[in-house]
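Tertiary structure, described
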Amino acid sequence: VLGLVAFSYDFKSVTAASKHEAKLYDAFQTILSTLGSRGLTNEIVKHIPSATNRTFDCATARLTAICQQLIDDRRSAMMDAQGQTASDILESFLAKDDQGQQKMSDMSILDCMKTILFAGHDTTAS
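About the thresholds
- Residues numbered from 1 in each chain as written.
- Predicted model: local features only at pLDDT ≥ 70, side-chain atom pairs only at ≥ 80, totals over all residues.
- Heavy atoms only, no water.
- Helix = DSSP H or I, 4+ residues; strand = E, 2+ residues; numbered from the N terminus.
- Contact = heavy atoms within 4.5 Å.
- Areas by Shrake-Rupley, 256 points an atom, 1.4 Å probe, with all protein chains shown as cover.
- pLDDT = per-residue confidence, 0-100.
- Polar contact = N/O pair within 3.5 Å; in protein donor to acceptor, adjacent residues only side chain to side chain.
- Phe/Tyr/Trp six-rings, centres within 6.5 Å; stacked < 30°, edge-to-face > 60°.
- Core = buried A, V, L, I, M, F, W, Y, C linked by side-chain atoms within 4.5 Å.
- Buried < 20%, exposed > 50% of the residue type's maximum accessible area, 1.4 Å probe, protein only.

The subject of this paragraph is the overall build of the chain. Scanning the chain from N- to C-terminus turns up five helices and zero strands. For the chain, the succession of helices and strands along the chain, N to C, is α-α-α-α-α. Contacts in the chain between residues at least 24 apart in sequence constitute 50% of all its contacts with a sequence separation of at least 6. Carbon together with sulfur atoms contributes 56% to the accessible area of the chain, which is approximately 8,100 Å² in total.

In structure tokens, the structure reads:
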């Protein structure tokens, strides 16, 4: 639901027949189950190539890749439609200033998207 409202994209988290059809399911489960223990460890431990760290890194990379693809697809759609696309949060993130320059970097947009997704997950899961 949050994906539709914020990014005009259905992640199928609610409607998927199985967890494999929900693009973010495994990534979210891995990230959320690992965050607690990662927060309690020394910073250097997070960089040891353990199975847990590799799984966590793969999950965060998958989340980033999905969000980056949404950004790229929307940017293309906005160029093709000459500004007449979905009116949502992602579109406002991709807005340009008076000189035609993007207001936010892709890294900032990615960070905002992840924050919204995790905040929405925590809110709807509770």
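From this point, things continue past the structure.
Chain-level pLDDT for the chain is 84 on average; 90% of the residues reach the 70-or-more range. Per-element confidence in the chain ranges from a low mean pLDDT of 82 for helix α2 (residues 25-39) to a high of 93 for helix α4 (residues 89-93).

Unlike most non-glycine residues, Ser-8 shows phi in positive territory, near 50°. Secondary-structure assignment places Ser-8 in the loop between α1 (2-7) and α2.

With that settled, the discussion passes to the side chain of Arg-74. Mapping Arg-74 onto the fold places it in helix α3 (residues 51-80). A distance of 2.8 Å separates a polar atom in the side chain of Arg-74 from the backbone oxygen of Phe-7.

Take the packing of aromatic side chains next. Evaluated as defined, the whole model comprises two aromatic pairs. Aromatic pair Tyr-9 and Phe-11: ring centres 4.9 Å apart, planes at 70°, arrangement edge-to-face.

The subject of this paragraph is the nonpolar core. With 23 residues, the main nonpolar core has Leu-63, Leu-90, Met-113 and Leu-117 as its most contacted residues. Where this core is concerned, the elements lending two or more residues are α1, α2, α3, α4 and α5 (106-125). Sorting elements by how many residues they give to this core places α3 first, with eight residues. Apart from residues lying up to four places away in sequence, Leu-90 is in contact with Ala-6, Phe-7, Leu-70, Ile-71, Arg-74, Ile-109 and Met-113.

Take the environment of Met-78 next. Among the structural elements, Met-78 can be located in helix α3. You can call Met-78 buried: its relative accessible area is 18%. As a C-alpha pair, Met-78 and Ala-95 span 17 residues in sequence and 9.9 Å in three-dimensional space.

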